[in-house]
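The residues making up each chain are set out below.
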Amino acid sequence: MTDPDFYYTIEKPCVAEFKDRGSKFIAYTFPIATADDFKKHLQQLKKEHPKAAHLCFAYRIGTDGNNFRSTDAGEPSGTAGKPILGQIDSKQLTNTLVVVVRYFGGTLLGVPGLINAYKTAAALALQLAPIVQKQVEIEHTLQFDYTQMNEVMSVLKQYQCTVINQEMQLFCIIKAGIPKRSLQDVLYHLKELQNIAVA
């Protein structure tokens, strides 16, 4: 995360399996953008694995480094969530969730064994996930008259902005993700068009 205008994340969900002394660890990776995305994936995995002993996870969202969470979900403290988060951070990823589902096999692994198993399972799943570089985007809401549609869309297209959602009527509202590195240029060009409210 050395370039403030870009970040790295995974392109698509992946799954990997790791076995250690009878216990089975199934690691899932997901690209996510919000904590709601995380909750949705976790609920789905709980439905898919109702008999699993533990569902441990870690995620990091955003580019300031402060939005992350990890949990051991009943495993001894520090044996699951932190090793999983460590694998996300070792690849300098964000907007990434890793969930490791454990089925207990009857043999105790001990603290070092658990740390290694969760770390290995997370690493295997992340190795399968293609890593992509994405632009940091700042969200803004644009409000303008329908007659200005072509001009506004031309500016957004020129600077590779993402249209998150839009309401097209006589008065239009577009929620757009504007690349951080182009933000000043985009705002300047929109201001030049006049009568466009940017929030």
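Residues numbered from 1 in each chain as written. Predicted model: local features only at pLDDT ≥ 70, side-chain atom pairs only at ≥ 80, totals over all residues. Heavy atoms only, no water.

**Considering the pairing of strand β3 (residues 23-31)**
- Of all 9 residues making up β3, 7 are buried, and the element is well covered by its neighbours.
- Strand direction decides the pairing type here: β3 and strand β6 (residues 96-103), joined by 8 bridges, are antiparallel. Across the sheet, residue A27 finds its bridge partner in β6, namely V100. (Buried < 20%, exposed > 50% of the residue type's maximum accessible area, 1.4 Å probe, protein only. Helix = DSSP H or I, 4+ residues; strand = E, 2+ residues; numbered from the N terminus. Pairing = 2+ DSSP bridges.)

**Comments concerning the nonpolar core**
- Ranked by size, the top nonpolar core spans 24 residues in total, and within it F25, I84, I88, V98, V100 and Y118 carry the most contacts.
- Those elements that place two or more of their residues in this core are β2 (14-20), β3, β4 (54-61), α2 (81-90), β6 and α3 (110-128).
- The biggest single contributor to this core is α3, with 7 residues.
- Of all hydrophobic cores here, the second largest spans 16 residues; its members include Y159, I178, L190 and I196. (Core = buried A, V, L, I, M, F, W, Y, C linked by side-chain atoms within 4.5 Å.)

**Some details on the pattern of salt bridges**
- Per the stated rule, a full pass over the model turns up 5 salt bridges.
- The residue D20 makes a salt bridge to R21 at a minimum N-O spacing of 3.6 Å.
- Judged by relative accessible area, R21 falls into the partly exposed class, the value being 47%.
- We note a salt bridge from E139 to K175, for which the minimum N-O separation is 3.4 Å. Of this pair, E139 sits in strand β8 (residues 137-145) while K175 sits in strand β10 (residues 171-179), and the two are 36 residues apart along the sequence. (Salt bridge = Lys/Arg side-chain N within 4 Å of Asp/Glu carboxyl O.)

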